[in-house]
2 protein chains.
Amino acid sequence: MVKKVKAALIVIGDEILSGRTQDANINYIAKWLGNLGIILDEVRVIPDDATRIQKTVNECRNAFDYVFTTGGIGPTHDDITAANVAAAFGFKFSLNAEARKLLEDNIGKDNMTEARLRMAMIPEGASLIKNPVSAAPGFQLENVFVLAGIPVVMQSMLLDVEDRISGGAKISSKAIHVFAGESQFADILSEIEDQFENLSIGSYPFYKGGTYGATFVLRSAVSSEVDEALEQLKKKISESGKEFFMGEAPD
Amino acid sequence: MVKKVKAALIVIGDEILSGRTQDANINYIAKWLGNLGIILDEVRVIPDDATRIQKTVNECRNAFDYVFTTGGIGPTHDDITAANVAAAFGFKFSLNAEARKLLEDNIGKDNMTEARLRMAMIPEGASLIKNPVSAAPGFQLENVFVLAGIPVVMQSMLLDVEDRISGGAKISSKAIHVFAGESQFADILSEIEDQFENLSIGSYPFYKGGTYGATFVLRSAVSSEVDEALEQLKKKISESGKEFFMGEAPD
């Protein structure tokens, strides 16, 4: 098997769990990791709760190569991520001079308040992650990357993370669609998948204007497996008398 | 404290983790549970993997009042949710006569295939959950509800779940917005929150056309707490010279 590098994402935020906010970070980070050859292997959405943050960070940092957290690093009372990531590691949590300077350069020294200073509280031993949008930094502690929750800020922080992580083989992926129930191809998919060591085939039914169809997604760290499997699948679909099409799935 | 009823959601699907599909079920279920007075307290997104499904189902069914799963109950080789929920409970997994009849009534007995019959494989002792859209049922096993992954099908199944669960006190929630940095109100939010036993205040910064603002969300199972806290907060914002507005957050 080709080497697999796996990551977990911890989304910290009552607003996602209450349904008030539709999460946008899971999908963005999933794609971003995929492009780096890293598999997003688990996501957990948890509340802004000290015990839960510590427990989840510790479970994930031991189980995955990389861990990302989003949310809870702002200046208000419900922003408790940084303190609890420090606690999870058993590290001290203190005012970071570099982070303080970044904030002061951004808002002006005279505008610094006690609340804003909270955003310069960083676990000792952490390296800062730049925030080009609004200055208040994220940080990295070993294999854990602590990021903002606001999508535009979070995305800007990833620019400073890219060079710190390395992936396994990049995953190749191709999709093929049929306007037919997926059940008709169940055995075929299974047979094709079994022939290739690294290949996985996902089958995703869709329902569009009263008609059922299915998208089959072939994924492998070995791109030739995807190509060979796709040729086999095209042949089988043609033999069944159904039409297939490539490219984007129908909306 | 008012009684809290808590649920976990397990989203099973490689397509969410790869970023190919933007999940729509988390937000829908979060709101649906909220309306029933049930707190969505954790979400896990995991791959279509036997061990991971069993482990996650067992962890969650012991830790939460209710557990919902979405995805992986179709007719193809990667649909392994039902078999592994059965395995998590240590229950047998077999062809369910009632589920078979539902499928046959929908597609016609002559159109039944071996692949489609997989959708009638149900853990023994489970009660079926109706699927008005495409017949293939979900099922309930104790406090675990196994639902389809396609949003329209999943949503239709929830109609048959509503009468099987009961919530705690319904959560009241009100939001207030200011065009000002949230850090300015950090101490005030904390002070107000501390006065009420069941109240939580979330602070959510937004960034709109170059201006920062913040939404404060007041939530409590005791609606009078929300109203009293909101009055205090309005007064404090007015005193600060900032304007506030109610209703939907700015896009």
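Every value quoted in this text rests on a predicted model; they were computed, and no experiment measured them. (Residues numbered from 1 in each chain as written. Chains lettered and ligands numbered in written order. Predicted model: local features only at pLDDT ≥ 70, side-chain atom pairs only at ≥ 80, totals over all residues.)

**Q** How would you summarise the domain arrangement of chain A if you had to cite specific residues and measurements?
**A** Under the domain assignment used here, chain A contains domain 1 (5–164) and domain 2 (172–246). Each of domain 1 of chain A and domain 2 of chain A was reduced to a C-alpha centroid, and the two centroids are 38 Å apart. (Domains from an automatic or database assignment.)

**Q** Explain the interface of chain A and chain B to me, using residue names and the numbers behind them.
**A** Facing the 45 residues of chain A at the interface are 45 residues of chain B. The set of elements that each furnish at least two residues to the side of chain A that touches chain B consists of helix 1 (14–17), helix 2 (25–35), strand 2 (38–46), helix 6 (114–117), helix 8 (186–194) and strand 10 (200–208) of chain A. When residues in the side of chain A that touches chain B are grouped by element, the largest group, seven residues, is from strand 2 of chain A. Of the residues assigned to the side of chain A that touches chain B, the class counts are 18 nonpolar, 14 polar and 13 charged. Two elements, strand 2 of chain A and strand 2 (residues 38–46) of chain B, share three bridges in a ladder whose sense is antiparallel. Across the sheet, residue Arg44(A) finds its bridge partner in strand 2 of chain B, namely Arg44(B). (Contact = placed C-beta atoms within 7 Å. Helix = DSSP H or I, 4+ residues; strand = E, 2+ residues; numbered from the N terminus. Nonpolar A, V, L, I, M, F, W, Y, C, P; charged D, E, K, R; others polar. Pairing = 2+ DSSP bridges.)

**Q** Just give me the short version of the relation of the copies chain A and chain B, but keep the residues and values in it.
**A** Least-squares fitting of chain A to chain B yields an RMSD of 0.0 Å, with the transformation described by 0.0 Å of translation along the axis and a rotation of 180°. When the rotation and shift are considered jointly, the pair of chain copies conforms to a two-fold rotation axis. Nearest to the rotation axis, the C-alpha of Arg44(A) is located 2.3 Å from it, this being the minimum over chain A. Taken as a fraction of all interface residues of chain A, those also at the interface in chain B reach 100%, which identifies the copy contact as same-surface. (Least-squares fit on C-alpha atoms with pLDDT ≥ 70 in both.)

**Q** Please set out the sheet that holds strand 3 (residues 66–70) of chain A residue by residue, giving values where relevant.
**A** Across the sheet, which stays open at both edges, the twelve strands sit in the order 6(A)-7(A)-8(A)-3(A)-1(A)-2(A)-2(B)-1(B)-3(B)-8(B)-7(B)-6(B) with mixed pairing between neighbours. Unpaired on one side and paired on the other, strand 6 (127–129) of chain A together with strand 6 (127–129) of chain B mark the two borders of the sheet. When the angles between neighbouring strand axes are averaged without regard to direction, this sheet yields 20°. Two elements, strand 6 of chain B and strand 7 (residues 138–141) of chain B, share three bridges in a ladder whose sense is antiparallel. Counted as the bridge partner of Ser127(B) is Gln140(B) from strand 7 of chain B. (Axes fitted to C-alpha atoms, helices over the stretch in contact; angles between N-to-C directions.)

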